[in-house]
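Breakdown of the fold
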Amino acid sequence: MHRLAPAVAAWLERGAAPEAVRLTLTGGLPRERLHHPASLLAHRLTELLPPRLPAIALPIARSHPQRSQPHPLQNCDGCDRAFRAPDPGRCRDCRSVPRKAAQHEGNDPCPSTRQTRSELHGRRL
């Protein structure tokens, strides 16, 4: 046993699970009586030794935490279109048109609402 312990330790240092070591040592044993069972186990431990695992690099700290869920749906204040954002407000199209200029000209502030129904329904999504 004392001569097998260092070989088992080498397996464990390489990341092998104790169950994997056990299965390697006990799996497929011959049915006939062994004259030198410790020699068979030592042979298996050295010949079937798993390769060294590459060093795992630590993840780089990010300046902003990764989002686990998408932002909730919001309704645009300008055109009532749904969009994802952390806070309520205007959609991207409405933000691209200055609000005061659109109101002054009497236009709808959101370019997306100027499309006709036929244009909207004719588009493939």
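What this report covers is the structure whose coordinates are included nearby. Keep in mind that this is a model prediction, so the values were computed, not measured.

Side note on the nonpolar core
L4, W11, A16, V21, L25, A42 and L45 form the largest nonpolar core, which has seven residues in total. Only α2 (18-26) and α3 (37-47) provide two or more residues apiece to this core. Contact partners of L45, with chain neighbours within four places excluded, come to L4, A7, V8, W11, V21 and L25. In terms of nonpolar packing, the next biggest core, distinct from the first, is built from six residues, C79, F83, C91 and C94 among them.

What to know about the packing of α2 against α3
Helix packing for two helices is described by the angle between their axes and how far apart those axes are. The N-to-C vectors of α2 and α3 enclose an angle of 125°; their axes lie 9 Å apart at closest approach. Compared by their axis directions, α2 and α3 come out oblique. Crossing of α2 against α3: the hand is right-handed. Taken together, the residues of α3 that come into contact with α2 (itself represented by V21, T24, L25 and T26) are L41, R44 and L45.

Reading the values: rules and limits
- Residues numbered from 1 in each chain as written.
- Predicted model: local features only at pLDDT ≥ 70, side-chain atom pairs only at ≥ 80, totals over all residues.
- Heavy atoms only, no water.
- Core = buried A, V, L, I, M, F, W, Y, C linked by side-chain atoms within 4.5 Å.
- Buried < 20%, exposed > 50% of the residue type's maximum accessible area, 1.4 Å probe, protein only.
- Helix = DSSP H or I, 4+ residues; strand = E, 2+ residues; numbered from the N terminus.
- Contact = heavy atoms within 4.5 Å.
- Axes fitted to C-alpha atoms, helices over the stretch in contact; angles between N-to-C directions.
- Parallel < 35°, antiparallel > 145°, perpendicular 65-115°, else oblique.
- Left-handed = near helix turned anticlockwise from the far one by under 90°.

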